[in-house]
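Results of the structural survey
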4 protein chains.
Amino acid sequence: MPLDDPTPYDGHPEGHASLRGSLTRTRQTSIQIAEPLSEEDQIVQAMEDASPTKWHLAHTTWFFEELVLKPHDPAYKIFDERFGYCFNSYYETVGDRHPRPKRSLLTRPRHDEVIAYREHVDEALENFFDRGGNGPSPQALDLITLGVNHEQQHQELMLTDCLAIFAGNPLRPAYREEGTAIEGGKIPDLRWVDFGGGILPVGHQGEGFAFDNESPRHDQLIRPFRLANRLVTNAEWLEFMADGGYATPTLWLADGWAIVKREGWDAPHYWEQRDGVWHQMTLRGLKPVDPARPVCHVSFFEADAFARWAGKRLPSEFEWEVASADQPLEGNILSHDALRPEAARLGEPGLQQMIGDVWEWTASAYLSYPGFKPATGAVGEYNGKFMCNQFVLKGASCVTPDGHIRRSYRNFFYPHQRWQFTGLRLADDGAAS
Amino acid sequence: MPLDDPTPYDGHPEGHASLRGSLTRTRQTSIQIAEPLSEEDQIVQAMEDASPTKWHLAHTTWFFEELVLKPHDPAYKIFDERFGYCFNSYYETVGDRHPRPKRSLLTRPRHDEVIAYREHVDEALENFFDRGGNGPSPQALDLITLGVNHEQQHQELMLTDCLAIFAGNPLRPAYREEGTAIEGGKIPDLRWVDFGGGILPVGHQGEGFAFDNESPRHDQLIRPFRLANRLVTNAEWLEFMADGGYATPTLWLADGWAIVKREGWDAPHYWEQRDGVWHQMTLRGLKPVDPARPVCHVSFFEADAFARWAGKRLPSEFEWEVASADQPLEGNILSHDALRPEAARLGEPGLQQMIGDVWEWTASAYLSYPGFKPATGAVGEYNGKFMCNQFVLKGASCVTPDGHIRRSYRNFFYPHQRWQFTGLRLADDGAAS
Amino acid sequence: MPLDDPTPYDGHPEGHASLRGSLTRTRQTSIQIAEPLSEEDQIVQAMEDASPTKWHLAHTTWFFEELVLKPHDPAYKIFDERFGYCFNSYYETVGDRHPRPKRSLLTRPRHDEVIAYREHVDEALENFFDRGGNGPSPQALDLITLGVNHEQQHQELMLTDCLAIFAGNPLRPAYREEGTAIEGGKIPDLRWVDFGGGILPVGHQGEGFAFDNESPRHDQLIRPFRLANRLVTNAEWLEFMADGGYATPTLWLADGWAIVKREGWDAPHYWEQRDGVWHQMTLRGLKPVDPARPVCHVSFFEADAFARWAGKRLPSEFEWEVASADQPLEGNILSHDALRPEAARLGEPGLQQMIGDVWEWTASAYLSYPGFKPATGAVGEYNGKFMCNQFVLKGASCVTPDGHIRRSYRNFFYPHQRWQFTGLRLADDGAAS
Amino acid sequence: MPLDDPTPYDGHPEGHASLRGSLTRTRQTSIQIAEPLSEEDQIVQAMEDASPTKWHLAHTTWFFEELVLKPHDPAYKIFDERFGYCFNSYYETVGDRHPRPKRSLLTRPRHDEVIAYREHVDEALENFFDRGGNGPSPQALDLITLGVNHEQQHQELMLTDCLAIFAGNPLRPAYREEGTAIEGGKIPDLRWVDFGGGILPVGHQGEGFAFDNESPRHDQLIRPFRLANRLVTNAEWLEFMADGGYATPTLWLADGWAIVKREGWDAPHYWEQRDGVWHQMTLRGLKPVDPARPVCHVSFFEADAFARWAGKRLPSEFEWEVASADQPLEGNILSHDALRPEAARLGEPGLQQMIGDVWEWTASAYLSYPGFKPATGAVGEYNGKFMCNQFVLKGASCVTPDGHIRRSYRNFFYPHQRWQFTGLRLADDGAAS
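All of the points below concern the structure found in this document.

The rules behind the values
- Residues numbered from 1 in each chain as written.
- Chains lettered and ligands numbered in written order.
- Predicted model: local features only at pLDDT ≥ 70, side-chain atom pairs only at ≥ 80, totals over all residues.
- Heavy atoms only, no water.
- Contact = heavy atoms within 4.5 Å.
- Phe/Tyr/Trp six-rings, centres within 6.5 Å; stacked < 30°, edge-to-face > 60°.
- Buried < 20%, exposed > 50% of the residue type's maximum accessible area, 1.4 Å probe, protein only.
- Lys NZ or Arg CZ within 6 Å of the ring centre and 35° of its normal.
- Helix = DSSP H or I, 4+ residues; strand = E, 2+ residues; numbered from the N terminus.
- Least-squares fit on C-alpha atoms with pLDDT ≥ 70 in both.
- Buried area = accessible area lost by both parts, 1.4 Å probe.
- Salt bridge = Lys/Arg side-chain N within 4 Å of Asp/Glu carboxyl O.
- Axes fitted to C-alpha atoms, helices over the stretch in contact; angles between N-to-C directions.
- Parallel < 35°, antiparallel > 145°, perpendicular 65-115°, else oblique.
- Nonpolar A, V, L, I, M, F, W, Y, C, P; charged D, E, K, R; others polar.
- Core = buried A, V, L, I, M, F, W, Y, C linked by side-chain atoms within 4.5 Å.

**With respect to the arrangement of the chains**
With respect to C-alpha atoms, chain A approaches chain C no nearer than 13 Å, and the pair has no contact. In this assembly chain B lies apart from chain D, the nearest approach of their C-alpha atoms being 13 Å.

**Brief notes about the packing of aromatic side chains**
When we look at a pair of aromatic rings, we describe it by the centre distance and by the angle of the planes. Per the counting criterion, the structure on display carries 117 aromatic pairs over all chains. Note on B:Tyr246 and B:Trp252: the rings are 5.7 Å apart at their centroids and 40° apart in plane angle, and the pair reads as tilted. Side by side, B:Tyr246 and B:Trp252 carry an identical accessibility label, which is buried. In textbook terms, an aromatic cluster arises when at least three aromatic residues are bridged by ring pairs, as seen for A:Trp62, A:Phe63, A:Tyr90, A:Tyr91, A:Phe209, A:Phe211, A:Trp359, A:Tyr366, A:Tyr382, A:Phe386, A:Tyr409 and A:Phe412. Positioned over the ring face of C:Trp265 is C:Arg418, at 3.9 Å from the centre of the ring.

**Quick notes on the environment of D:Phe372**
Residues and elements named next belong to chain D. Mapped onto the elements of the fold, Phe372 is located in the loop between strand 8 (359-365) and strand 9 (391-395). For Phe372, a relative accessible area of 12% puts it in the buried group. A sequence separation of 60 residues divides Phe372 from Lys312, and the C-alpha atoms of the two residues are 31 Å apart. With residues up to four places along the chain from it excluded, the contact list for Phe372 reads Asp212, Asn213, Ser215, Pro216, Gly384 and Met387.

**Considering the relation of the copies chain C and chain B**
Taken as rigid bodies, chain C and chain B are interconverted by a rotation of 180° and an axial shift of 0.0 Å, the fit giving an RMSD of 0.0 Å. Such a turn and shift between the copies fits a two-fold axis. Rotation axis and chain C: the residue whose C-alpha lies nearest the axis is C:Asn389, separated from it by 2.3 Å. When the interface residues of chain C are mapped onto chain B, 100% of them are again interface residues, pointing to one common binding face.

**What about the interface of chain B and chain A?**
Opposite the 29 residues of chain B that make contact, chain A presents 30 residues. When residues of chain B are sorted by the area they lose upon contact with chain A, B:Glu40, B:Arg108 and B:Leu171 head the list and together hold 30% of the total. In this structure, the salt-bridge partner of A:Arg108 is B:Asp41, at a minimum N-O distance of 2.6 Å. Put simply, the parts of the chain that give the side of chain B that touches chain A at least two residues each are helix 2 (39-43), helix 4 (83-87) and helix 6 (138-167) of chain B. At four residues, the largest contribution of residues to the side of chain B that touches chain A is made by helix 2 of chain B.

**Notes on the packing of helix 3 (residues 53-72) of chain B against helix 6 of chain B**
Residue and element names in this part refer to chain B. In the contact formed by helix 3 and helix 6, the axes pass within 9 Å of each other and the chain directions differ by 170°. Considered as vectors, helix 3 and helix 6 are oriented roughly antiparallel to each other. Considered class by class, the residues forming the contact of helix 3 with helix 6 number 13 nonpolar, nine polar and two charged.

**Here's the deal with the nonpolar core**
Core analysis: the biggest nonpolar cluster contains 248 residues, and A:Phe87, A:Trp237, A:Leu424, B:Phe87, B:Trp237 and B:Leu424 have the highest contact counts within it. Excluding residues within four positions of it along the chain, A:Phe87 makes contact with A:Trp55, A:Ala58, A:His59, A:Trp62, A:Leu106, A:Pro109, A:Val114 and A:Tyr117. Grouped together as the second largest cluster of nonpolar side chains are 245 residues, C:Ala305, D:Leu19, D:Val358 and D:Phe391 included.

Given below as structure tokens:
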């Protein structure tokens, strides 16, 4: 979590103020996300990969208590000594923890106790800031910043994990009923946008926060390439299915094909047929598959097979990053409140849907950048230890919180995982100049 | 569920009245059992064998709706067509159902909807009865009786499943704080009570309800035998452990020894050491192991190994039934409110602890009685299809509801299962006369 | 392995002579069974339940070395100290052993070394006998007798395990090509033979060897019953299949139905369709299913479901034993050399096929007889520790060796197992007299 | 398997002659490798990842039959139609195949039939060549070349799979007894060799055969780096162990640490303690761990953890390739006949052990090179479909056959796999120039 420039906070009241505002908003957003969910909804766990909402609410709080308040605020009074064991996720440095697959057993501490825990820590952070010069050191401010970003990540997980629960419920309940969605628009043609390549810098630069895995900024040798102007749509995915995509082994990586057969995959995750019509489970409930919207909840294996079927390939993480340079950092993200990917717009020149809608699988294995050094201590476990067997995703999804968007952002998941809001954009080699 | 004598209800208002009273009390008891539990506690599932409290509340209601009201009350209006799929347990005859290991995903219907479902069905049953001569047929009355007994079984499971959740919670919460338990009394000596054997009738007789697996009443050839006057105690179990009971393969059945090694069993379920002292998790919270109380939460494999270590054996289900003939049907059961097994009393002549405290493992495989014929239709799936690989337990436990006690009662579990309130009483061959 | 009467050997040369002859024949038979198999065939293991032929050859030899020669013959010189670890099966008392699922890794000691091991032990046993009065004690003679019977059991396993290998081989090779089998005979009608019941003695009696699990002989209360005159045929099984037997959950025990679904069972083990015709793999190679022959390689679960479908039941082990009292101890066993079950004969009065063809599943759980006490020491592990979760089979199969047939014989397997030569005979309750 | 230049064979007798010589030698070498093994040794399978020797002998033959002779030689007469099913490995394009985990069930075709199959195909290939101008087309010659290289790969697997069998055998037999190995030499100090970086070409160039995954040759941007002059030794590994390497989670990737705990790893694969001394199983039998030799049979996870412990890192595949540019393509490979890694030599300047001893784990995920296009048809399945979740290894091992060495060679295995001859060399970032 090395911040590029931790100094702004040191003696810069506006730095403090900005971080305090961000902290307050982030903490409130978590509560708002949980709001449509009953206490029951918030304690169960759809699968080992997912966590209960209440656990997310508590764990993000524990992060501030364990990494900020306990080591940096001598005045801090621990809320409950037993919560460390309950709500540590994977920090070996910090100590033992409750086993991940059994998080739903944590019906105690009760939901109201977790809310009280949040309030206790929020108040302690407020008091910490209020102490001014005797308040947070630059290092503590860095950790608070990390805590804010950490909580934003968990906000996205709260929604993906909630969808997993509701998709497994025979009533297929909606997280929130539909607002004003318009279905069935025309789909803009797929067009190619060319990029020239060269020796180009990638990774986090300059000011503001970034995770450690986005550094060091460094040069990459990039060949000329082309990116599709928009995401792959459900209409295109239905063509892939109709053409036997899920039944043609030569389209698949061997590990992917093994899963297709073992799990009986024949459509994206959360798709099901009702009366002969493909539907898909969404946070808005069960909906007919909308041809114009981007395909979502596909694994890397499926994205890769689709690209091969289409005669194209997935972009590298660096191609995506370079191509995004002139793109605005906005799109269908959490504050847009669609809670689903939305169709590309007609008549839009150049790339669109780069930010929001779905995380885009890349062909890049998730590995460290040259010269990467994780921080010492517990935060060193944040990203580095997962650099194996996963693939990088770029962009953001329809449930990524605001303020959590960067061109250098490196999301990562295992190639078989499907419960995130994941889709793809096609790439191709550029013309030799 | 062939009742021995279904006629009492037919034109006998007192039969109706008694059954209505039993129905009302049973339905209320389920609600009372759930009362100390939060909505969170009531939705999670500690393991595949266990079910959420809310599911128990709904399933017992579904049983009345599906087997009584829908087929027998033309006036009945179904509460929600979708609940059948959600709350069917294992009745293949009735239709598909939500998979057992995923019952905790049923956060919807919400808890308050399940309560409303209960009230709807309760009211419908009341109305059904009120119709008098146009009310329940003898067959429907039989099924209501079965529904009452079915719900009583689930009441015991609610408590055992709740203990499983709390035992897996790092805070080790109590279902209810201790009342007036007295620890550390003296343990009465183990004495033997002799029985003469002969050709003796076993199985359900006469009046009142019994499950189908208790019939037909038939003769068994029983050899002279002896039963211990009381249950095996924790003190005796600690001796077994100190003598290497869990490390001596020749004491164990081969399948049991395989589990001991695979699972690392070295003490009864829910036992753990704290500062060098054995504790056990109970519905009253984590307590030091009380030497005087009966050992509880041991599997058949452990009970069998203990008996072999002691140079004795487990009784057969028929020996137990014959020996219980003169015993009162009372003891430490649910209404006693101990919620834990209690120590045997000093100075008591003859057998004690036959009813209540713990279900007693027998050496009898759970098989059908000669001439057993399951009922046709869904209720035929009640007991018969489980007659394989399980062992019979006799008596009752500290969480068995009142009115659910019979000498002919045949409880059954797999030999490796430990989460029920299960213990043992030693037996031996009698002297040749 | 308590022999009823160990004294015959003590000072009775003819007892010695008879046992020596039996020993010699048994040891030779094992070699003859292995004869059609290549060294390759003899080392592999089709599944965890099965063992390599070479391992059977070595283990039966180890049994004589470990339990007879080492403790009882001071002159015995151990062949190779390392073989004990390699060839112990499950005797915890004797020591550690090579893990069962990895027996095929024992390519060393080589096949010729195992043959040399056999010859070394055979010669030592000969020498032991030759010493006359200084030769085997009565106890040693008992153990030699046990060793002979033990090796006969493994002879049957050699053939069942070999069939498992060849059935998994895409070439479906024959263990031995067909001799003179005649297919397609008429099937005698199923008729019922009545038995009166009463208090009747069962279990091993009198002279000669029996396994410990056949004792003590004791009385059983048996109700009037009827047995089918012959085994269930393939023709009848095809009817069961055509009537949806494998797709009707109410016919099945719950544990059986779970396996049917999980494993996709839709026919007996080793059945497969070729060009729309059911074939079955046999020791004679892949053959069209012969309607007249008894069904074979069905599990207890299948046998039980079939009986329920037929409106009948399986016999108890005691019913079978009582019914067999007047039957000759002969039939289609190993020396008959069919290597497959054969069709019942037309025009035969009374019961037939009681001995040979297939082991007959009974409704009896495999449990100890009243008063059963296993021997002390390693041989005490022979049978008793398996008395859980298995069912008794009676009779003998087409690959049971001669001299290994008793009415009191109790074979036992888990209810899901199918690789033995297992079938069934229907039973029913008798008329109340 | 695009050959860079397929034309040499077309009308160039010396091209033919060279390939014929290589083919003949390669086919003989396989037989020689199998020579010390009994038929039993050659049929069993230590684990799912490994295959029986006989299967390797047959599969490499099938490759020539299926991909060369059947499509390209109209005169070819198929040996046995059934062998295709038996000996296809993973070519979905070619058809169904016998399941990999059950290859040891292929005791038929017998060993001598497989040898006859080899001779049949060898003779057919000879005849094909003899036909001269009517013989192999350029495309067929390419495929024969691929078949030779394919068989060389399987030769290495024969030896690694054989070691897996013997390591699981309680007798710990040697594949071949020790020759003239000298133990206990001094270990040369670890020194660093610097490389300057730049935009440098990597991948296969020019003439001769290479696998498709080594192409296209392309530029990589390489930063200044340093490589250790020699491989990591057993002595260094013992230090890592003594320092708690296997008990310190922060040294490990998260997926690696999960395996360490699950499998109880505490030393390299095939290491075991005998009388308090670490030994390791080798093709020469069980040997005390020699401190001077390179550590072998470590997974990527272990190599990565060791590098982190040492404060260094693994090289990228490109760093290794660039560094190897001036290295001779020779070392301790199969023809050297050590069958074990050997110690580095004292007083040797520059890099050593680059070729032979052990395959060196790199930090590079196994992915396609820019512009990679797999061939059409079955050979397109050769490498590309495995480009996921594996890591690249460079160099060669002590059992890599002669003629199978290239600087651009990309070996690949999953990060948890340990049964290959795998070790590591440390790398570090170079000084900024």
